[in-house]
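So the chains spell out like this:
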Amino acid sequence: YGAEGPALAEIAEEERRAAVEAAVRLEDAGIPCPVVSVGSTPTALSARSLEGVSEIRPGNYMFFDLSMCSRGLCELEDIAVSVLATVIAHQRREGHALVDAGALALSKDLSANRGGYRGVGYGLVPRSVPIPELILPSVSQEQGKLRTRDGGPFPFDRLPIGSRVRLVPNHSCLTCAAYDRYAVVEDDRVIDVWERENGW
């Protein structure tokens, strides 16, 4: 997770080779090893070969997140998970709004704050007409401060108290673990609800 670019393919190959070698050594010692399992989202997307591997287990591969965007592994529009938050207060003198999504809703992961996502804090509201891109630079347990990403004036008139915004998380695994179900949204309408499978 600290690497990017061509180094990811090298790490993926090292991971694959080590797991396959370990399985061969176990088999040679008479210990059955029917499953050779590797994976993280960066290595799953960067592997040149999965020869000898029987399963991959990338964590946020199905959702993506800002952390993967910051590493160039997906685009913002590829992220399939967001947290719906409500604007609960305007703090005009400070130039920000408060939302009802904080550390418990998004986690305190800052992994996306690199590359083109430096300074986004704990989440991002992607740009949409007629509001600029918004970031969540700080969170408390249950609230977050929403500011414009470019440092410009906050669009208080466009986001009155009670407005809803979709926050894209830094790390979808940690964010999704906070919820027991997912609302499947299409064209801003909930079309299904999926219960989350729990247990390790």
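The rules behind the values
- Residues numbered from 1 in each chain as written.
- Predicted model: local features only at pLDDT ≥ 70, side-chain atom pairs only at ≥ 80, totals over all residues.
- Heavy atoms only, no water.
- Helix = DSSP H or I, 4+ residues; strand = E, 2+ residues; numbered from the N terminus.
- Buried < 20%, exposed > 50% of the residue type's maximum accessible area, 1.4 Å probe, protein only.
- Lys, Arg positive; Asp, Glu negative; His and termini not counted.
- Charge placed at Lys NZ, Arg CZ, Asp CG, Glu CD.
- Core = buried A, V, L, I, M, F, W, Y, C linked by side-chain atoms within 4.5 Å.
- Contact = heavy atoms within 4.5 Å.
- Pairing = 2+ DSSP bridges.
- Axes fitted to C-alpha atoms, helices over the stretch in contact; angles between N-to-C directions.
- Expected span 1.5 Å × (residues − 1).
- Salt bridge = Lys/Arg side-chain N within 4 Å of Asp/Glu carboxyl O.

### Some remarks on the overall build of the protein
Part 1 of the argument: Of the regular secondary structure elements, the protein holds five helices and 10 strands.
Part 2 of the argument: Projected onto its principal axes, the C-alpha positions of the protein cover 70 × 35 × 30 Å.
Part 3 of the argument: By residue count, 42% of the 200 residues in the protein fall in the buried class.
Part 4 of the argument: The average position of the 21 basic charges and that of the 28 acidic charges among the side chains of the protein differ by 8 Å.

### Comments concerning the nonpolar core
One broad trend across soluble globular proteins is that nonpolar side chains are buried collectively.
Part 1 of the argument: Counting residues in hydrophobic clusters, the biggest one holds 21 residues, and the most contacted among them are Val99, Ala101, Leu136, Leu146 and Leu167.
Part 2 of the argument: Of all the secondary structure elements, the ones that give two or more residues to this core are β3 (83–91), β4 (96–99), α4 (103–106), β6 (134–139) and β8 (164–169).
Part 3 of the argument: For Leu146, the contacting residues outside a window of four places in its chain are His96, Ala97, Val99, Val125, Leu134, Ile135, Leu136, Phe154, Val165 and Leu167.
Part 4 of the argument: Residues Leu8, Cys74, Ile135 and Cys176 belong to the second largest nonpolar core, which totals 19 residues.

### What about the sheet that holds β4?
Part 1 of the argument: Strand order in the closed barrel made by the six strands is β3-β4-β7-β6-β5-β8, with antiparallel pairing throughout. In this sheet, neighbouring strand axes are inclined to one another by 40° on average, regardless of whether the strands run parallel or antiparallel.

### Some thoughts on the side chain of Arg16
Part 1 of the argument: Its place among the elements puts Arg16 in helix α1 (residues 6–28).
Part 2 of the argument: The class for Arg16 is buried, based on a relative accessible area of 13%.
Part 3 of the argument: Here Arg16 is in contact with Val38, Ser49, Leu50, Glu51 and Val53, once residues within four sequence places are set aside.

### Here we look at unusual backbone geometry
Part 1 of the argument: Positioned with a positive phi, Phe64 is a non-glycine residue whose angle comes to about 65°.
Part 2 of the argument: By the secondary structure assignment, Phe64 is in the loop between β2 (55–56) and α3 (66–70).
Part 3 of the argument: On the accessibility criterion, Phe64 (14% relative accessible area) is buried.
Part 4 of the argument: For Asp188, which is not glycine, the phi torsion reads 60° and is therefore positive.

### Some words on α1
Part 1 of the argument: Spanning 23 residues, α1 covers 33 Å between terminal C-alpha atoms, matching the ideal 33 Å at 1.5 Å per step.
Part 2 of the argument: All of the buried residues in α1 are Leu8, Ala9, Ala12, Arg16, Val20 and Ala23.
Part 3 of the argument: Check the buried side of α1 and you find it contacts β1 (37–38) and α2 (41–46).
Part 4 of the argument: Two residues or fewer after α1 comes Gly30, characterised by a positive phi angle close to 85°.

### A word on the pattern of salt bridges
Part 1 of the argument: Evaluated as defined, the whole model comprises five salt bridges.
Part 2 of the argument: We note a salt bridge from Arg17 to Glu21, for which the minimum N-O separation is 3.1 Å. Here the residue Arg17 and the residue Glu21 both occupy positions in helix α1, the gap between them amounting to four residues, near one helical turn.
Part 3 of the argument: Relative accessible area serves as the criterion here: at 43%, Glu21 is assigned to the partly exposed category.

### Describing the environment of Arg127
Part 1 of the argument: Relative to the helices and strands, Arg127 is located in the loop between β5 (123–125) and β6.
Part 2 of the argument: Residue class for Arg127 comes out exposed when judged on its relative accessible area of 57%.
Part 3 of the argument: When the C-alpha atoms of Arg127 and Thr148 are compared, they prove to be 9.8 Å apart, with 21 residues separating the residues in sequence.
Part 4 of the argument: When residues no more than four places from it in sequence are discounted, the contact partners of Arg127 are Pro132 and Glu133.

### Quick look at the pairing of strand β7 (residues 144–148)
Part 1 of the argument: Burial along β7 is one-sided: the face carrying Gly144, Leu146 and Thr148 is buried and the face carrying Lys145 and Arg147 is not.
Part 2 of the argument: Where β6 meets β7, four bridges bridge the pair, whose relative direction is antiparallel. Bridge pairing in β7 links Val139 to Gly144.

Limitation: the analysis is restricted to geometry and does not speak to function.
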